[in-house]
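Single-letter residue listing:
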Amino acid sequence: MNIVACVKRVPDSSARIKVASDGKSVDPAGIEFILNPYDEYAVEEALRLKEKAGSGEVTVLALGGPESAETIRKALAMGADRGIHLKETAPGRDFIATAQAIAAALKDVKLDALLFGNKAIDDDGSQVAAMTATLLGLPYVGVVTKLEVADGKATAHRPIEGGAEIVEVPLPAAFSAQKGLNEPRFASLKGIMAAKKKPVEEKPAVAGEPRLELIKLEPPPPRAAGKIVGTGKEAVPALVKLLREEAKVV
Ligand SMILES: Cc1cc2nc3c(=O)[nH]c(=O)nc-3n(C[C@H](O)[C@H](O)[C@H](O)COP(=O)(O)OP(=O)(O)OC[C@H]3O[C@@H](n4cnc5c(N)ncnc54)[C@H](O)[C@@H]3O)c2cc1C
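1. A closer look at the sheet that holds strand S7 (residues 140-144)
- If you trace the 7 strands from one edge of the open sheet to the other, you get S7-S11-S6-S1-S4-S5-S12, paired in parallel fashion. On the outer flanks of this sheet lie S7 and strand S12 (200-204), each paired with one strand and no other. Between one strand axis and the next, the sheet turns by 20° as a mean value, whatever way the strands run.
- Bridging between strand S1 (residues 2-6) and strand S6 (residues 113-117) involves 3 bridges; their strand directions are parallel. When the sheet's bridge partners are listed, isoleucine 3 is paired in S6 with alanine 113.
- Those strands touched by helix H1 (residues 37-53) are S1, strand S4 (57-64), S6 and strand S11 (173-177), and its axis lies near 155° from that of S6.

So this is what it looks like as structure tokens:
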């Protein structure tokens, strides 16, 4: 099976995010960047599908500046075979332009499955997968927690309110990976060393005209200081009064 997994470089979820002086981007100073956790599920699933099929190739694709090369190497260290780096020099955040660039790079690539994360944990868009699949004319199943492939078809499970939806699609098809799909493997030292020699094709990102403009990023308001109303059961009436009259939650 030939599988492509799209991977994005994102700030670590435990990082203390500060808005940069332009008011529109994240200040990268002191922040560790990681492979988007949902994309780790996508890469892991791609590796499992290839291993189960017994042949094929896993390609990882990232669109971004020079620093996205590190993200591609992380996915190669997990076991992917090759990378595609769509180089972008001007910063941008437009979903459709991103999807157009990914679709343009993949339009002549022969693939059986195209995998994405369910969302990138920085912009939280959940848009790129469906848009790219549509541009490539591929069937798309989003938020997948189980994926089985046999006889040119895929059966995908996706959680819905109070249950699961089970969908069958002909391959090639696109999927977005949700938490629970698998347990991503750690990159071994051997994998990290091997990743340095794996091929990464670099090409310019061919993005369309952006249709969204990010006007401003705002951090959440600082939390108000906590209040100790007393200790033991004597404090309960005062606590209930404050919850009712001040916090208005009961
Ligand atoms: C002109 C331009 C310049 C850009 N420059 C950069 C840049 O320098 N660095 C950068 O990281 N991004 C860059 N991007 C991409 C952009 O920042 C967002 O990634 C994009 O708008 C998707 O939003 P999202 O992260 O909310 O995606 P979501 O829809 O939440 O992402 C869902 C899934 O789509 C895939 N995906 C999303 N973004 C990418 C990506 N960039 N590469 C590969 N797969 C992806 C991943 O599998 C992800 O889990 C640029 C986009 C444009 C149009």
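2. Observations regarding H1
- Counted at 1.5 Å a residue, the expected span for H1 with its 17 residues is 24 Å, and the 25 Å between its end C-alpha atoms agrees.
- Looking one or two residues past H1, glycine 54 carries a phi angle of roughly 85°, positive in sign.

3. Here we look at the nonpolar core
- By size, the foremost hydrophobic cluster in this structure holds 34 residues, and its most contacted members are Ile3, Val43, Val60, Leu115, Leu147 and Phe175.
- At the level of elements, S1, H1, S4, helix H2 (68-78), S6, S7, strand S9 (153-160) and S11 are the ones that each hand at least two residues to this core.
- It is H1 that contributes the most residues to this core, 7 residues altogether.
- If near-sequence neighbours (up to four positions away) are discounted, leucine 115 is found in contact with Ile3, Val4, Ala5, Cys6, Ala42, Glu45, Ala46, Leu147 and Phe175.
- By size, the runner-up hydrophobic cluster in this structure holds 17 residues, among which are Leu61, Leu106, Leu114 and Phe116.

4. Looking at the domain arrangement of the chain
- Partitioning the chain into structural domains gives domain 1 (2-204) and domain 2 (220-250).
- Taking only C-alpha atoms, the centre of domain 1 and the centre of domain 2 are 44 Å apart.

5. Here we look at the pairing of strand S10 (residues 163-170)
- Taken together, the 8 bridges between S9 and S10 define a ladder with antiparallel strand orientation. Of the residues in S10, the one forming a bridge with alanine 154 is valine 169.
- In sequence, S9 turns back onto S10 through a hairpin of 2 residues, with glycine 162 there showing a positive phi of about 75°.

6. Some words on the site of the ligand
- Not every one of the 30 residues close to the ligand is listed here, only the nearest: Lys8, Asp39, Gly125, Ser126 and Gln127.
- Valine 7 is positioned with one of its backbone polar atoms (N or O) 3.5 Å from a nitrogen atom of the ligand.
- Within the backbone of aspartate 94, one N or O atom sits 3.4 Å away from an oxygen atom of the ligand.
- Coverage of the ligand by the protein amounts to 92% of the 880 Å² it exposes when considered alone.
- For the shell around the ligand, the secondary structure elements donating two or more residues are S4, helix H3 (95-106) and S6.
- Broken down by element, the residue count for the shell around the ligand peaks at 4 residues, all from S4.
- Taken together, the residues of the shell around the ligand sort by class into 12 nonpolar, 9 polar and 9 charged.

7. Concerning H3
- Here H3 is 12 residues long and its end C-alpha atoms lie 17 Å apart, about the 16 Å a rise of 1.5 Å per residue gives.
- The buried count for H3 comes to 9 of 12 residues, which makes it a mostly enclosed element.
- Those residues of H3 lying buried are Phe95, Ile96, Ala97, Ala99, Ala101, Ile102, Ala103, Ala105 and Leu106.
- For H3, the elements touching its buried residues are S1, S4, strand S5 (82-87), S6, helix H4 (128-136) and S12.
- The N-terminus of H3 is capped by aspartate 94, whose side-chain oxygen sits 3.4 Å from the backbone nitrogen of isoleucine 96.

The rules behind each value
- Residues numbered from 1 in each chain as written.
- Predicted model: local features only at pLDDT ≥ 70, side-chain atom pairs only at ≥ 80, totals over all residues.
- Heavy atoms only, no water.
- Pairing = 2+ DSSP bridges.
- Helix = DSSP H or I, 4+ residues; strand = E, 2+ residues; numbered from the N terminus.
- Axes fitted to C-alpha atoms, helices over the stretch in contact; angles between N-to-C directions.
- Contact = heavy atoms within 4.5 Å.
- Expected span 1.5 Å × (residues − 1).
- Core = buried A, V, L, I, M, F, W, Y, C linked by side-chain atoms within 4.5 Å.
- Buried < 20%, exposed > 50% of the residue type's maximum accessible area, 1.4 Å probe, protein only.
- Domains from an automatic or database assignment.
- Near = heavy atom within 4 Å.
- Polar contact = N/O pair within 3.5 Å; in protein donor to acceptor, adjacent residues only side chain to side chain.
- Areas by Shrake-Rupley, 256 points an atom, 1.4 Å probe, with all protein chains shown as cover.
- Nonpolar A, V, L, I, M, F, W, Y, C, P; charged D, E, K, R; others polar.

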